[in-house]
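Observations on the three-dimensional arrangement
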Amino acid sequence: QVQLVESGGGLVQAGGSLRLSCAASGRPFSSYAMAWFRQAPGKEREFVAGINRSGGIDYVDSVKGRFTISRDNAKNTVDLQMNSLKPEDTAVYYCAANTVLVRTARLMDYWGKGTLVTVSS
């Protein structure tokens, strides 16, 4: 089993920044691809960004140029730096882990409980 705990969510004005962090434990962190998903009220959970074991990165088009995903295997953490935030970024953000990097939420093996990001206009 892998346990994931997100932190860093909060309330920010449009144009502002937040940095989310996900701390992993239970199994070797370096064995997993890591991803961030988000879910807004009334919408399905969507892929935001992912990073595989070799450092390969994937972003959904709507966040390219604004969000940056990174991992620190020594600290067992994966971060999501979010800049130029927009009201449409408002959602609960979830950290997820899998043996390979995919964009499909139902295929992820492990999930955190989420952290709320609210962007005001």
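Below or above, wherever it landed, is the structure these notes cover. Being a predicted model, the structure only gives us computed values, none of them experimental. (Residues numbered from 1 in each chain as written. Predicted model: local features only at pLDDT ≥ 70, side-chain atom pairs only at ≥ 80, totals over all residues. Heavy atoms only, no water.)

As for the state of the cysteines
Summed over all chains, the structure comprises 1 disulfide. Each sulfur of the disulfide joining Cys-22 and Cys-95 lies 2.1 Å from the other. Taking the sign of the S-S torsion, -80° for the link of Cys-22 and Cys-95, the bridge is left-handed. Taken as a pair, Cys-22 in strand 3 (residues 18-25) and Cys-95 in strand 9 (residues 91-98) lie far apart in primary sequence, 73 residues in all. Here Cys-22 and Cys-95 have matching classes, each one buried. (Disulfide = S-S within 2.5 Å. Helix = DSSP H or I, 4+ residues; strand = E, 2+ residues; numbered from the N terminus. Buried < 20%, exposed > 50% of the residue type's maximum accessible area, 1.4 Å probe, protein only.)

A few points about the side chain of Glu-6
Among the secondary structure elements, Glu-6 is positioned in strand 1 (residues 3-7). Buried charged residue Glu-6 carries no salt bridge. Nearest counter-charge: Arg-45, at 7.5 Å. Of the polar contacts made by the side chain of Glu-6, one reaches the backbone nitrogen of Cys-95; its length is 2.8 Å. For Glu-6, the side chain forms a polar contact with the main-chain nitrogen of Lys-113, separated by 3.1 Å. The residues touching Glu-6, leaving out its near neighbours within four places in the chain, are Ser-21, Cys-22, Trp-36, Tyr-93, Tyr-94, Cys-95, Gly-112, Lys-113, Gly-114 and Thr-115. (Lys, Arg positive; Asp, Glu negative; His and termini not counted. Salt bridge = Lys/Arg side-chain N within 4 Å of Asp/Glu carboxyl O. Polar contact = N/O pair within 3.5 Å; in protein donor to acceptor, adjacent residues only side chain to side chain. Contact = heavy atoms within 4.5 Å.)

Looking at the packing of aromatic side chains
Scanning the entire structure with this criterion turns up 4 aromatic pairs. Ring plane angle 80° and centroid distance 6.0 Å describe the contact between Tyr-32 and Tyr-110, whose orientation is recorded as edge-to-face. Taken as a pair, Tyr-32 in the loop between strand 3 and strand 4 (33-39) and Tyr-110 in strand 10 (residues 110-111) lie far apart in primary sequence, 78 residues in all. Neither Tyr-32 nor Tyr-110 differs from the other in exposure class; each is buried. For the ring pair Phe-37 and Phe-47, a centre distance of 5.6 Å and an interplane angle of 80° mean the geometry is edge-to-face. Of this pair, Phe-37 sits in strand 4 while Phe-47 sits in strand 5 (residues 46-51), and the two are 10 residues apart along the sequence. What makes Phe-37 buried here is its relative accessible area of 0%. Feature note: the residues Phe-37, Phe-47, Tyr-94 and Trp-111 constitute an aromatic cluster, connected by ring pairs. The ring centre of Tyr-94 lies 3.7 Å from the NZ or CZ of Arg-45, which sits over that ring. (Phe/Tyr/Trp six-rings, centres within 6.5 Å; stacked < 30°, edge-to-face > 60°. Lys NZ or Arg CZ within 6 Å of the ring centre and 35° of its normal.)

Topic: the side chain of Arg-66
The topology assignment puts Arg-66 in the loop between strand 6 (57-59) and strand 7 (67-72). Among the polar contacts listed, one links the side chain of Arg-66 to the backbone oxygen of Ser-84, at a separation of 3.0 Å. Setting aside chain neighbours within four positions, we find Arg-66 in contact with Gln-81, Met-82, Asn-83, Ser-84, Leu-85, Lys-86 and Asp-89.

Concerning the sheet that holds strand 8 (residues 77-82)
Pairing within the open sheet is antiparallel, and its 4 strands lie in the order 1-3-8-7. Each edge of the open sheet is held by one strand with a lone partner, namely strand 1 and strand 7. Within the sheet, the average angular offset between the axes of one strand and its neighbour, ignoring direction, is 15°. (Pairing = 2+ DSSP bridges. Axes fitted to C-alpha atoms, helices over the stretch in contact; angles between N-to-C directions.)

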